[in-house]
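One-letter residues, chain by chain:
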Amino acid sequence: HICLFFKVIMDEHTLDVLVNYTAGALKVCSTWTHTDVLLALSTVVYGNGPQCHQHLSDLLGEEGFLLQYSSPSQSNMELRRVALTCMANICLRIPGQPPLDDQYRNVCFRAFLKTLQSPKPPNTDELFYCMVIQAALKGLQCCLSGGKWKFGGGEELGSVLAALKRLMFQGAPGVSVEWPTVLYPAPLPQYEGHSAAKTAESPKSSEPPKDANKKRKSKGKGKKTKTEESKGDEREERDAETVPVPQKGRVEEKQPASFLYPPWKLNSSDSEFSDPEGNAQSKLRANHGRVRQGALHCLLAVVKAVEKRTLYGYWSSFIPDSPIGGPPPLTLLTIILKDPSPKVRLCALQVLSAILDGSRQFLAVAEDTASPRTSYTPFSFTLATAVRELHRTLSLALLAETSPQTLTQVIKCLAYLVGNAPYNRLRPGLLTLLWKQIRPYVRHRDVNVRVSVLTLYGALVTTQAPLPEVQLLLQQPDHSSTAGALTPQDSALSWRQRDGVSSPSRTPVGHSHSQRSSSTHTPHVPYTPGEEDSCRLWLLQLCVMLVTQPREDQSDSEGMGGGAALEPPPVRLEALQVLSHLVRGYFPLTQNDLCEIGQVSAHCLGEADTSVQLHGAKLLEEFGLGIIQQYRAESNVPENSRVPISQVVQFWLEVLSGPLNRALQNEQHPTLQASACDTLSSILPQAFAQLPDKTQLMCITVLLGLTYIENYLVKTAAVRALGIYVLFPCLREDVMFVADTANTILAALDDRSTNVRAKAAWSLGNLTDTLIVNIVGVDFQEELSDMLLLKMLQAATRAAADKDRVKSNAVRALGNLLHFLRQSQMTRPAFQGPLEDAVRALVKTVQSEATMKVRWNACYALGNAFRNPALPLGKYSAVWSHEAFSALCHVVTSCKNFKVRIKSAAALSVPTHRSCYGDMERFTCVWRSLATALENSEDTHDFLEYRYSASLRHTLSQALLHLLSVSQSQDMPGLGASLAGEEGRGIREHLIKYLRAEEGGGEEAEKDTGGESLHPRQRIGGVQQILVRMKGLTVGGEEERGKEVVTHFLEDLLKTCEETCEETTK
């Protein structure tokens, strides 16, 4: 009691003394004291298991007394319970402390599982047995939550799940099934076999028989604290009975009335129990509820400990589809709908939420848009049916639930379902029904319920956005008010009443009509968005009002207060989140509210609460990004449907002249500064060009200044924003701005924070992209300082040796810089050493074991460098030129990643002159490498790489034809030898497919090589030009024989392709 009451923290010496003392007491004291001694020991070892390493062998060894006392053979149930509690406390891990040694954690795990699997001993009181099971469940939960856990081989996981599933229904009347001892992974539901021999029973020892038609009258004098939970549960269930549930699809119709319905809840005016008997029944029901709750807590720990793909095999054991005929399976949904305890229902919802969280990849298979086959049911259809069953069950729970905490979890669970289900592959209608059902809960009196409803709305406008069904819901509000609708049709904001009368927390359907008439005709009700306001988005208007309008009725659970007050912060923040999701996913529908969104954001940025300011800045950023998307070159939005530039300019003028500028300078809140930088980077480039010069200068000056702030978040965001600004057409030709930005980026590349360096490398890549755009401008090249270019080259070379996050963009910058350098610069002694280092850095990256993204960026960078005609790549070039070609030849034939091969093949086809390929030996090496890569273009051990095989063959075919187009007489012997043999026949087959455009992948491959996708006729025309050029070569001797082979190869190629084209034309 002292340790518990005063929360004593024991050092290792004290712990050692106390464990020795209690362990010794067990050896010398009488048996009747052992329960109390173990209770004291459990208090001592609570959360101190790893510190008891000297005593663990005595406690948990093969002859350890805790294992003996906790054994199923132990007849003293109280002693067994305390021993299990002691083991659970040893396994308990306090945050910040190391976990218990795996050896002893496994010992405890097996003991707990053995207890859960053992039947109740004969002549044992049911109440004591429940308490033992509770202790074992708590211990199992501590084992699973005490660090990384791996289930053993065989059937261990299935055994645990089977035991927990059985205990999920402990004490549930009407449940009489033969529970399996092991659950096996299977794609189809595993239904429990209902026992015909057994009668529905709740195991008991001394309790009197019960009559299902009688109801206990609880008097409970002086026993209120012990029966409080069960009474609360009864109150919750009585409330649930008043909620009308639609008859269609009711689960209750599928089983007898007594199924999972406690006998003590059936209507009766009398009680056959005396007070002591009733109290015993109340205790037993409460303990049964705690067992079910403990089993669900354990199941939640299992779900979190097991990999998702492993858990998918057991999905059907806990989440049903819609079985045809027979009694419904016992699953989590059964508990959610029918368990009398709101705490148990809450736990079941938490488990279901954890299972659904991250299940998008698994549920992506679900589809029911096509008619199901009659011969068999595809797994995709079964999974789609399970999604529909989840919707149906959770919708029923939404209508029936009265506990605010459990109702909140129901809505959160729906949000997880909506966020992971593939509605674009399901028949429409699910989201429409859900959209209508959740509307009344926006006015719920509990803050947490209102927040969860907004979270669900956020999931609805986020999932697979833009989704046609949601788009229709946003555009066409429901005007229906038919009788028997699933949701009351009163205004969703009817609690905003000026007369101070608060609405009830729940409104039954039958009462909705009168309440709506009384609320909507009150003269003091302010304007709120309603269903009739079809020209504006109801959801957007709702969120705006939740954020900005005062809420005068203070009868809410968040407390009382005098005078007008805004919504509680959680509600306002979630409303801002929904606004951001809405703008991101359905921007065309929200662009008409441009001014209002700007006002809301400015209002939020002007508040004192930093969280509200952050969300306001995020909303501005999302809106800016939406406008940018409309004006992208690849956008298919018509000109007349875009937000006019004039409106965009006015929008940003108002934003920049308001509180955003103050947020940028708020040094007390670095996160807000960083978010404001992100907002500043989302200005449309065309609009930025039309801003006044002083406004442009203010944006640039602020960002340049923020890069010198010590906080890495602010520095990262400012450097990123400058990396975006340097791409603006109105700024990229400004040499002074480019130079200032370059110096700022170079300083950030030396920062100690990896995040800052990674973003600085990305911005440097963007800046060098700008250099390539300006390469045609001689004035720009001359005005840009040679020393600055040298510094950028050296900094990018150093960054190429950094972590992969930095390296991926550093190599991109190197490729651009090598492309941009002029010959006058490369011949200077100051540049020669850095130039060689830069190329070798790229070569090293191509050959390294870095991530594939880094390697294909390095291959692309080498190809980019090859575009510079001043780069010495020829016969008498430096050693690094040979190293570059060798690295690309090696990668194109051996790399496992096909995208790296594509980039390397594209790089090898970049040089436009034969002299760039060096001597005949190097040219032949490049040809052989490309030919070998083409021959092996389908050889891979990774199935995912096959999607790039067509693009790879396309690029390789292009590269081979390019080499033929630049080849000279000295190359003919090598080319002839290759094309005359087996290798030539393979090349011919692939080139025919390329010329006929029989395979896809052309668009991506053309993009990789920087060209445009060519029509088959154009490709054939290119080969004809190669043939004409080849015939004009002057050769002799062995070269002549090689030329004949190559010429014959090209003529045969053209003849075959032209014949095919003629047949196609006919």
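One can find the structure itself at the top, above this paragraph.
Keep in mind that what you see is a predicted model, and the values were worked out from it rather than measured.

Mind showing me how you'd approach the overall build of the chain here?
When helices and strands are tallied, the chain shows 51 helices and two strands. Taking all 1066 residues of the chain together, 55% fall into the buried category. Of the contacts formed within the chain by residues at least 6 apart in sequence, a portion of 75% connects residues at least 24 apart. Surface exposure of the chain reaches about 47800 Å², of which carbon and sulfur atoms provide 53%.

Would you mind going over the environment of A997 with me for this structure?
Inspection of the secondary structure assignment puts A997 in the loop between α48 (982–996) and α49 (1002–1009). On the basis of relative accessible area, A997 is assigned to the partly exposed category, the value being 33%. Between the alpha carbons of A997 and R1017 there is a distance of 9.8 Å; along the sequence they are 20 residues apart.

Just to check I follow, could you spell out the packing of aromatic side chains for this structure?
The description of an aromatic ring pair uses the distance of the two centres, along with the angle that the planes make with each other. Following the criterion strictly, the structure yields 15 aromatic pairs and no others. On the basis of an interplanar angle of 25° and a centroid distance of 5.7 Å, the ring pair of F169 and W179 is categorised as stacked. Here W179 lies in the loop between β1 (177–178) and β2 (193–194) and F169 lies in the loop between α9 (156–167) and β1, a separation of ten residues in the sequence. Overall, F169 belongs to the buried group, its relative accessible area being 5%. Residue W179 is classed as partly exposed on the basis of its relative accessible area of 22%. Taking 5.9 Å as the distance between ring centres and 90° as the angle between the ring planes, the aromatic pair formed by Y917 and F923 counts as edge-to-face. F923 shares its class with Y917; the two are buried. Ring pairs connect the aromatic residues Y312, W315, F362 and F379, which therefore count as one cluster. A cation over a ring is seen here: K759 above W762, with NZ or CZ 5.6 Å from the ring centre. The ring of Y994 carries R1019 above its face, with NZ or CZ at 4.6 Å from the centroid.

Which parts of the structure should I look at to understand helix α33 (residues 712–725)?
What sets the pattern is the α-helix's 3.6 residues per turn: residues three or four places apart point alike. Over its 14 residues, α33 extends 20 Å from the first C-alpha to the last, a length consistent with the 20 Å expected when each residue adds 1.5 Å. Among the residues of α33, those classed as buried are V714, K715, T716, A717, A718, V719, A721, L722, G723, I724 and Y725.

Where do I start with the packing of helix α15 (residues 342–356) against helix α18 (residues 404–420) in this structure?
The packing of two helices is summarised by the inter-axis angle and the distance between the axes. Orientation of α15 relative to α18, taken along the N-to-C sense of each, is 15°, at an axis distance of 9 Å. The orientation of α15 relative to α18 falls into the category roughly parallel. Remark: the crossing between α15 and α18 carries left-handed chirality. When α15 is examined against α18, the residues P342, R345, L346, L349, Q350, L352, S353 and L356 are found in contact with a partner set consisting of Q405, T406, Q409, V410, C413, Y416, L417 and N420. Here the residues of the contact of α15 with α18 sort into nine nonpolar, six polar and one charged.

How should the pattern of salt bridges be read in this particular structure?
Where charged atoms of side chains with opposite charge meet at close range, the side chains can pair. On inspection of all chains with the given rule, the structure shows 29 salt bridges. Of the charged contacts in the structure, one is a salt bridge between R840 and E836, with a shortest N-O distance of 2.4 Å. Taken as a pair, R840 and E836 lie in helix α41 (residues 829–847) at a separation of four residues, close to a single helical turn. A salt bridge links E1051 to K1031; the shortest N-O distance between them is 3.3 Å. Pair noted here: E1051 is in helix α51 (residues 1038–1065) and K1031 is in helix α50 (residues 1016–1031), with a separation of 20 residues, a long-range link. Residues participating in the shared-partner salt-bridge network are R584, K618, E621 and E622.

Would you take a moment to explain the side chain of N809 for this structure?
Along the polypeptide, N809 turns up in helix α39 (residues 804–820). Taking the relative accessible area as the measure of exposure, N809 reaches 12% and is therefore buried. A distance of 3.2 Å separates the side chain of N809 from the side chain of R812, its partner in a polar contact. Once residues within four sequence positions are removed from consideration, N809 is found in contact with A761 and W762.

Please clarify how the side chain of E622 should be interpreted in this entry.
On the secondary structure map, E622 appears in helix α27 (residues 610–630). Ignoring any residue separated from it by four or fewer positions in sequence, one finds E622 in contact with S580, V583 and R584.

Would you mind showing me how to read the environment of H1048 here?
For H1048, the position within the fold is in helix α51. The exposure class of H1048 is exposed, given its relative accessible area of 55%. It is 9.9 Å that separates the C-alpha atoms of H1048 and G976, two residues lying 72 residues apart in sequence.

Before we go on, may I ask you to explain the packing of helix α26 (residues 594–605) against α27 in this structure?
Between α26 and α27, the least distance of the axes is 7 Å, while the angle of their chain directions is 150°. Between α26 and α27, the interaxial angle falls into the category roughly antiparallel. The two elements α26 and α27 cross, and the hand of that crossing is left-handed. Residues L594, I597, V600, S601, C604 and L605 of α26 form the contact with α27, whose own contacting residues are V612, Q613, G616, A617, L619, L620, F623 and I627.

Please explain the environment of V846 as it appears in this structure.
For V846, the position within the fold is in helix α41. Through-space distance from the C-alpha of V846 to that of A858 is 5.7 Å; in sequence the pair is twelve residues apart. Sequence-distant contacts of V846, defined by excluding residues within four places in its chain, comprise R855, A858, C859, L862, A887 and V891.

Teacher, can you tell me more about unusual backbone geometry here?
Omega for the peptide link from A465 to P466 comes to -5°, which places this bond in the cis form. Following the sequence through the fold, P466 ends up in the loop between α20 (447–462) and α21 (468–475). Even without being glycine, Q464 reaches a positive phi, approximately 45°. Within the secondary structure layout, Q464 lies in the loop between α20 and α21.

Got a minute to help me understand helix α3 (residues 34–44) in this structure?
Among the eleven residues in α3, eight count as buried, and that is most of the element. Within the span of α3, buried status applies to H34, T35, V37, L38, L41, S42, T43 and V44.

Scoring rules and cut-offs
Every chain is numbered on its own, with residues counted from 1 as its sequence reads. Confidence filtering applies because this is a predicted model: local features only for residues at pLDDT of at least 70, side-chain atom pairs given and counted only at 80 or more, and all residues used for totals across whole chains, interfaces and linings. Hydrogen atoms and water are omitted, and side-chain values are computed over all heavy atoms in the structure. For the purposes of this entry, the term helix denotes a DSSP run of H or I that reaches at least four residues, the term strand denotes a run of E that reaches at least two, and both are numbered from the N terminus. Whether a residue is buried, partly exposed or exposed follows from its accessible area with a 1.4 Å probe, protein chains only, as a fraction of its type maximum: under 20%, in between, or over 50%, in that order. Whether two residues are in contact is decided by their heavy atoms, any of which lying within 4.5 Å being enough. Method for areas: the Shrake-Rupley scheme with a 1.4 Å probe, in which residue coverage is limited to the protein chains shown. Any two of the Phe, Tyr and Trp rings considered here, Trp counted by its six-membered ring, make a pair once their centres fall within 6.5 Å; the pair's planes then place it as stacked at under 30 degrees, edge-to-face at over 60, or tilted in between. We count a charge as sitting over a ring when the NZ of a lysine or the CZ of an arginine lies within 6 Å of the ring centre and within 35 degrees of the ring normal. By this rule, a helix spans an expected 1.5 Å times one less than how many residues it contains. Structural elements are reduced to axes, namely lines fitted to C-alpha atoms, with helices fitted over the stretch in contact, and the angle between N-to-C directions of any two is expressed from 0 to 180 degrees. Orientation is classified from the angle alone, with under 35 degrees giving roughly parallel, over 145 giving roughly antiparallel, 65 to 115 giving roughly perpendicular, and any other angle giving oblique. Crossing handedness follows the turn of the near helix against the far one: under a right angle anticlockwise gives a left-handed crossing, and clockwise gives a right-handed one. Amino acids outside the nonpolar list (Ala, Val, Leu, Ile, Met, Phe, Trp, Tyr, Cys, Pro) and the charged list (Asp, Glu, Lys, Arg) are all regarded as polar, and Gly is one of them. Counted as salt bridges are all cases of a side-chain nitrogen of Lys or Arg within 4 Å of a carboxyl oxygen of Asp or Glu. Polar contact is the term for a pair of N or O atoms within 3.5 Å; when the atoms are in protein, one must be able to donate a hydrogen and the other to accept it, and sequence-neighboring residues count only if both atoms are side-chain atoms.

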